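# Overview (structure and organization)
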Amino acid sequence: GINYSPEPTGIAPYTEGLANAIADAGADVRVVTGYPHYPFWRKMDGFSGLSSVEQSENLTVQRLRHYIPRNPSFLRRILMEASFALRATWATLFHRADLILCLSPTLLSSAAFVIRTRLLRSRTPVVLWVQDFYAMGASETGQLSGGLSSLVDRAESWILRKSDHVVVIHPRFAKHAQDNLGVDSSSVTVIRNWTHLDLSQSACTREDSRKRLGWGPEQ
């Protein structure tokens with residue numbers, strides 16, 4: 001997945017939490033991710049070069065630099081994901097795994113790993129963990145309409161159906177995957193996200209939060 005710590009919000013905290021939990025349970029985990037950029041849409045300070053590797057017990061985080069759009073329109077996001085998909089596919093070409101877990105949204109890299117395992121007739125299962133649906137989200141925000149939305153829907157349907165299993169974060173997502181994208185109900189599991197905020201962050205007052213963020217009373 002393209003998002004990982006130290007990104008403070010979005011998918012990154014869940015990816016990091018799951019990776020650490022599996023590593024703590026004794027499995028050897030390799031995270032292949034991008035350079036942190038979300039939600040600022042620029043590369044975070046402290047990360048340079050074309051790639052980096054962070055190693056701790058049972059957990060390796062391999063970061064790959066990719067295109068980051070300053071104005072993240074739908075097409076620019078596709079270009080970002082394409083650049084990450086190419087690098088992630090090449091960087092893991094000779095790795096062997098018991099399981100490949102793909103995070104979506106990052107539809108193109110998920111597709112790349114599904115296609116690769118099928119072409120190589122690999123027995124490595126590919127599980128897709130869906131945090132959001134591309135076509136549905138893009139349509140709701142007005143970035144997709146008509147034929148292009150239908151095309152993305154079909155591509156998303158194919159990737160989900162070709163994955164060995166699909167994990168979604170809400171029963172409504174499971175219903176969409178089954179009813180609209182044609183995924184067999186036996187291939188879908190609902191696992192809700194957990195909270196990654198501690199009490200001290202959530203217990204501060206509205207005024208404290210606005211002050212901490214540098215917002216004036218009328219903003």
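Here, the structure is the one placed above.
Residues numbered from 1 in each chain as written. Predicted model: local features only at pLDDT ≥ 70, side-chain atom pairs only at ≥ 80, totals over all residues. Heavy atoms only, no water.

### Digging into the overall build of the protein chain
To keep it simple, the criterion reads: Strands are runs of DSSP state E lasting at least 2 residues, helices are runs of H or I lasting at least 4, and numbering of each runs from the N terminus. Atoms considered for the radius of gyration are the C-alpha atoms alone. The globule rule reads 2.2 Å times the number of residues to the power 0.38. For each residue, the accessible area found with a 1.4 Å probe, counting protein chains only, is set against the maximum for its type, and the residue is called buried under 20%, exposed over 50%, and partly exposed in between. For this analysis, residues touch if any pair of their heavy atoms sits within 4.5 Å. For accessible areas, the Shrake-Rupley method is used with a probe of radius 1.4 Å. Any residue's cover is judged against the shown protein chains and nothing else. None of His or the chain ends enter the tally, which takes Lys and Arg as positive and Asp and Glu as negative. Here the site of a charge means atom NZ of a Lys, CZ of an Arg, CG of an Asp or CD of a Glu.
Within the protein chain, the regular secondary structure consists of eight helices and seven strands. In terms of overall dimensions, the protein chain is globule-like: its C-alpha atoms have a radius of gyration of 18 Å, near the 17 Å expected for 219 residues. Every one of the 219 residues in the protein chain was classed for burial, and the buried ones make up 40%. Partitioning the contacts of the protein chain with sequence separation of at least 6, the portion at a separation of at least 24 is 64%. By element, 54% of the accessible surface of the protein chain is carried by carbon and sulfur atoms, the whole surface being about 12,800 Å². Once the 24 positive and 20 negative side-chain charges of the protein chain are each reduced to a mean point, those two points are 7 Å apart.

### Brief notes about the sheet that holds strand 4 (residues 100-104)
Where we set the bar: Strand pairing requires that DSSP identify at least two bridges connecting the strands. Every axis corresponds to a line fitted to the C-alpha atoms, with the helix fit spanning only the stretch in contact, and the corresponding angles, defined between N-to-C directions, vary from 0 to 180 degrees.
The parallel open sheet is built from four strands, whose spatial order is 4-5-6-7. The strands lining the two open edges of the sheet, one partner per strand, are strand 4 and strand 7 (188-190). Direction aside, the axes of adjacent strands within the sheet are offset by 25° on average. Relative to strand 7, strand 6 (residues 165-168) is paired through three bridges, and the arrangement is parallel. When the sheet's bridge partners are listed, Val-168 is paired in strand 7 with Val-190. Together, strand 4 and strand 5 (126-130) form the strand contacts of helix 3 (residues 107-119), whose direction differs from that of strand 4 by roughly 150°.

### Structural notes on the pairing of strand 5
Put simply, the test is: Seen with its strands pointing away from the viewer, a crossover is right-handed when the path leading from the first strand over the helix to the second is clockwise.
Along strand 5, five of the five residues are buried, which leaves the element largely enclosed by surrounding structure. In strand 5, alternate side chains face the same way, and those of Val-126, Leu-128 and Val-130 on one face and Val-127 and Trp-129 on the other are all buried. Relative to strand 5, strand 4 is paired through five bridges, and the arrangement is parallel. Looking at the pairing, Ser-104 lines up with Val-130 of strand 5. Regarding the hand of the β-α-β motif, the stretch spanning strand 4, helix 3 and strand 5 is right-handed. Sheet analysis places strand 5 next to strand 6, joined by four bridges and oriented parallel. For Val-127, the partnering residue across the bridge sits in strand 6 and is His-165.

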